[in-house]
Structure formats: C-alpha cells, structure tokens
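Residue strings, one per chain:
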Amino acid sequence: ISGLHIGLIAGLLFGGIRAGLALIPALALRYPIKKWAAFMAILGAFSYAVMAGATVPTQRAFLMIGLVLLAVLFDRQGISMRLVAWAATAILLLRPESLLGASFQLSFAAVIALIAAYEYLKERDLGPEYAAIWRRPLRYVGGVALTTIIATIATAPFAIYHFNQMAQFGLIANVLAVPLTAIWIMPFAILSFLLMPFGLSEIGLQLMGWGVGGIIDIANWIASWEGSVLMVPAMPIWALVAIGLGGLWISIWQQNWRLLGGGAIALGLGSLIFFQAPDIVVDERGKLFAVQGTNGVLHLSSKRVSKFSGQIWLRRVGQQIDTQQNWPKQGFSADNSLICDRLGCIYNNKGHKVALITDVQAVPEDCQAADIIVSAVPVPYFCPSAKIVIDWFDLWRKGAHAIWLTENGAVVEDVNTKRGRRPWVLRRQE
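About the thresholds
Residues numbered from 1 in each chain as written. Predicted model: local features only at pLDDT ≥ 70, side-chain atom pairs only at ≥ 80, totals over all residues. Heavy atoms only, no water. Helix = DSSP H or I, 4+ residues; strand = E, 2+ residues; numbered from the N terminus. Buried < 20%, exposed > 50% of the residue type's maximum accessible area, 1.4 Å probe, protein only. Contact = heavy atoms within 4.5 Å. Arc of directions from axis to C-beta. Disulfide = S-S within 2.5 Å. Expected span 1.5 Å × (residues − 1). Pairing = 2+ DSSP bridges.

With respect to the environment of M166
- Within the secondary structure, M166 is located in strand 1 (residues 165-167).
- A relative accessible area of 24% places M166 in the partly exposed class.
- Between the alpha carbons of M166 and L73 there is a distance of 39 Å; along the sequence they are 93 residues apart.
- Once you skip the residues sitting within four places of it in the chain, M166 turns out to touch A156, I160, S228, V229 and L230.

A word on helix 12 (residues 307-316)
- Of all the positions in helix 12, only G310, W313 and L314 are classed as buried. An end-on view of helix 12 places all buried positions within 95° of arc, on one side of the element.
- Residues of helix 12 that are buried sit in contact with strand 3 (280-282), strand 4 (289-292) and strand 5 (298-300).

Some details on the state of the cysteines
- Tallied over the entire structure, the rule returns two disulfides.
- Here C340 connects covalently by a disulfide to C345, the sulfurs 2.0 Å from one another. Disulfide C340 to C345: torsion about the S-S bond roughly 105°, handedness right-handed. Accessibility assignment for this pair places C340 and C345 in one class, buried.
- With its sulfur 1.9 Å from that of its partner, C367 forms a disulfide with C383. One end of the pair, C367, is in the loop between helix 13 (363-366) and strand 10 (372-375); the other, C383, is in the loop between strand 10 and strand 11 (388-390), with 16 residues separating them in the sequence.
- In the protein chain, numbering the disulfide-bonded cysteines from first to last in sequence yields the connectivity 1-2, 3-4.

Description of helix 10 (residues 237-252)
- The end-to-end C-alpha separation of helix 10 is 22 Å, in line with the 22 Å expected for 16 residues at 1.5 Å each.
- Taken residue by residue, helix 10 has A239, L240, A242, I243, G246 and S251 as its buried positions. An end-on view of helix 10 places all buried positions within 160° of arc, on one side of the element. Along helix 10, exposed side chains directed more than 90 degrees from the buried face belong to I237 and L245.

A closer look at the sheet that holds strand 7 (residues 338-341)
- The strand order across the open sheet formed by six strands is 6-7-8-9-10-11, and the pairing between neighbours is mixed. Taken across any chain shown, the strands that pair with only one partner, and hence form the sheet edges, are strand 6 (331-332) and strand 11.
- Of the pairings in the sheet, the one linking strand 6 to strand 7 comprises two bridges and is antiparallel in character. Along strand 7, the bridge assignment pairs G331 with C340.

Re unusual backbone geometry
- One non-glycine residue, S306, lies in positive phi territory at about 45°.
- Relative to the assigned elements, S306 resides in the loop between strand 5 and helix 12.
- Relative accessible area serves as the criterion here: at 16%, S306 is assigned to the buried category.
- Residue N336 is not a glycine yet carries a positive backbone phi of 65°.
- Structurally, the position occupied by N336 is in the loop between strand 6 and strand 7.
- Among the residues examined, N336 registers a relative accessible area of 52% and is labelled exposed.

Here it is, written out as structure tokens:
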C-alpha cells in the first residue's frame, strides 16, 4: 500500500462527499461542507489504512495525508514543506530507525521534490488552471508524466544505493498504470469497503481485481522489454548524504543560490565513476567464492550455494546473474585467470597468485607458492610465501571478506570490521 493509494482514497472521499453535500443548498450555503468533507476523508483514509494492515509505509502515508486534510480544517495551506517537515518529525520521533530505511527515504525524497517543483511552476503561472474540456485528459496525462519524471529523478539516488538498479521505462508504466489505479481500482476499493457491512464487498472486489490484473499485465509487459532495468554499482554512504543535502538545499530555498545544491549532487553522483569492484569475495562459511575476470565481470564459484549472498554481491557491483558459469570445475577458465581442481583454485591477477582452498590437502603446497591464501578450512601450517592468510577462523570471527588487489599489495575488508562494534550484536569472537 503506497502513499498514492492512501492519497487517492482520501481524495476520492473528499471530492465525492463535498460534491454530494454541494447538491444540498441548505447545507452548502450555511455550513462549512469543505471541512466536513475533509474530516470524513480523514476517517475514511484511517479506516482504509487499518483494513490494509497499517504497515509502516501505510502509517507514514496516512500521517502525511492526514496533515494535509487537517490543514483544510484549520484554513491553512494544504500542501507545503512545513507539513512535510512536521510529518517527518512525527515519524522520526515514533520510529527513529526509519530514517535509514529505503521506504522513508524514497517517500520523502519524492514528496519534497514534487512540492518544490510544483511550487516553482505555480509561481511562474505557466498556463490557465482550467483548460478546455477536450484538453483536460491531455493535461492529466501530462501531469502524470511530469510527476513521474520528478519523482524518478528525486528517488533515483536512493534506489541506486539500496537496490542498485533503475527502471528505464517507469515513465511509460506510470502513464498507463496511474490512470487505471485512479479511475478504476481505487473507486471500486471504496465501493467494496462501503458494501462490506452488507456482506456485498465481493462485488467491488471483483471489479477492483480486474484493474489489479491489468496493472500486473502492464508491469510484466514493460519489464519484458530489453534494458527495462539498469544495474548500477553501489555508491558510498557519503555520496548518498551529499545528494540528499544537495536536494534539500535546492528544494527548501527560494533564491537563485539554491542552485548551489547541484554541486553536492554532482559530487555524490561522481562517486559512481570511481567505483571499483573487489577482485575476490568469500562468504562467511567459505562455501562461496567470487573473482573478477579480466573483462571486469564478477564470477561466482556456484549459483546454488549461498544463492542469496551471490545475488547481493553481483547486485552491489551492478551486475545481473550470469547466464553462463565461467568457473571451471577442472582446468582453466575462459580468460586463463583461474585454474581449479578438486582441492581448490589458483587465481592470477595484477601480479598476484591467490590460492582459493576448499580442501585441507591443498594447504601445504599452496603455502609454498601463493602470496595470498583464502581458505575455507583452517590453515595450521606456516605459509612462508603468503603475505595475507584468511582461513576458516578469520571467516568465522569476522564474516565475509572482500579483497582488492593492487600492484603494491592488497586491501582487505571484512563485515565485522566494516560494521563496527555494536553493543546489541553478539560478536562471534566473544
């Protein structure tokens, strides 16, 4: 349940109730029917949120639309940055951990950008508020498209950081799906809710289901297009903070120097240019290895073992699951950087010879030849040739490891060191 759904429910109730009351002159001329409609819309949106399960995103969406409708009750501006700030403050007081979640960041990035953009357009009075009847459908589609473009640009950095991907054809999908949601699905959702006390909700749900099926068909159709999803490497946290602060600077201020926020955004996006994927990755059990081939592609030792971890690794470097496995069971890989047998593999890259050991029998020989040892088993022997040894005990204590090879040595990172010491996490070495 997204903010769009809650907003549509509240909007349809507000407009429908106000229009119905306006048909009764005795009420419309003597009483504040607009405020009555806003109050009933709040109750309806709350009831819908409860019926939908009241998840965290639903709570946030209801709080924001509730503040907008409360502004109507108190004769204040319905949508403004001030209301967004109050909504964010309330959510962070109740759930401070949500600040680090994708849902909070994506929602508020989109809302702030939309308010800032439409305030900018409103100040310039780009056209009459009410166009000819035959132009209104075009204005509606154009509004959906513009909203999609603004929201996509605003949420793209956060989508890249959390999911490492961008939808290439989201504009087309929204132009088709949003009108279907607003005109068909949500009105029948309200109908089913109103019919529920009489045991007739199935009528509305059946019609609503046809619309949901249509949206699923649209999603499947567009997702099947070549290049529908663009994979992007992960950006560092400082880059996301720089983009967020730059976006806020542009959205909040009104003077021309608001454009200075573009520098922070450019700095954050520039981090993607300097991204360097690790040359070697091993999971915390030593069951799954990944190495970077000469073509820059990260190859997994298995597509079935630790499948979830492997997918995360590929996603973080901006890759999808390989259609072909470039990890030899025996012999050389296609680029000759990897040679394997039943005891493990030898990986040669950037002047380094790295032993990837899966059987203890390989330890004595590899300790005499490799300059880096990565072993899924304990290494009880002294390794005179190895400058770096990562064995089963290191993996058990520190979690998964990533290694960047350089001509002057290697840089090693592990999960526990990167995460830092947290009192609420039971550390394995303790």
